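# Working through the structure, step by step
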Amino acid sequence: MQKVQGLEERLREIDLTGDVSVIPDKEILLSLAQDLPAVWNAPGTESGLKQRIVRILMEEVVVDVDEEKHEIVLLIHWAGGRHSELRVSKRSTGQHGQTRAWKRSR
């Protein structure tokens, strides 16, 4: 947790000074990569920090619709050149997360 607090402090300093040209040391980046699950799951990790991590790791998200399979296809381009594909079922017109099947009583 001390490492996380130190890194958060460095991020705050960068935000205050506006100095975005700081390039972290390779060892620091590698240690962060090893500590990412611990940082992500730590109870004290704020959602803003998680958002910043995701913005650093993701370069681009391309969204397409596969009408034949009724799926939304997300292609994630990660920093470093890797890609991930995620397919999500596409809901029909009029459906949403709060849709419930019900019968009208008379």
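Higher on the page you've got the structure.
All of the points below concern the structure found in this document. Since this is a predicted model, take the numbers as computed values, not measurements. (Residues numbered from 1 in each chain as written. Predicted model: local features only at pLDDT ≥ 70, side-chain atom pairs only at ≥ 80, totals over all residues. Heavy atoms only, no water.)

### Looking at the overall build of the protein
Test applied: For helices the rule is a DSSP run of H or I covering at least 4 residues; for strands it is a run of E covering at least 2, with both sets numbered from the N terminus onward. Accessible area is worked out with a 1.4 Å probe on protein chains only. A residue is then buried under 20% of its type maximum, exposed over 50%, and partly exposed in between. Contacts are assigned to residue pairs that have any heavy atoms within 4.5 Å of one another. In these tables, accessible area is a Shrake-Rupley quantity obtained with a 1.4 Å probe, and a residue counts as shielded only by the protein chains included in the view.
Looking only at helices and strands, one finds three helices and three strands in the protein. Looking at the protein residue by residue over its 106 residues, the buried ones come to 11%. Counted over contacts in the protein with a minimum sequence separation of 6, partners at least 24 positions apart contribute 12%. Carbon and sulfur atoms make up 53% of the accessible area of the protein, which amounts to about 9,400 Å² in all.

### A short note on the pairing of strand β1 (residues 58–66)
For a regular strand, side chains alternate in direction, first toward one face of the sheet and then toward the other. Rule in force here: For two strands to pair, DSSP has to find at least two bridges joining them.
Note that β1 and strand β2 (residues 71–78) share eight bridges and pair antiparallel. In the strand pairing of β2, aspartate 64 is matched with valine 73. Between β1 and β2, which follow one another and run antiparallel, lie four residues, and histidine 70 among them has a positive phi close to 55°.

### A word on the pairing of β2
Of the strand pairs in this sheet, β2 and strand β3 (residues 83–89) are connected by seven bridges, and their pairing is antiparallel. Of the residues in β3, the one forming a bridge with leucine 75 is glutamate 85. What sits between β2 and β3 in their antiparallel hairpin is a turn of four residues, with glycine 80 showing a positive phi close to 105°.

Don't take any of this as a statement about function, it's just geometry.
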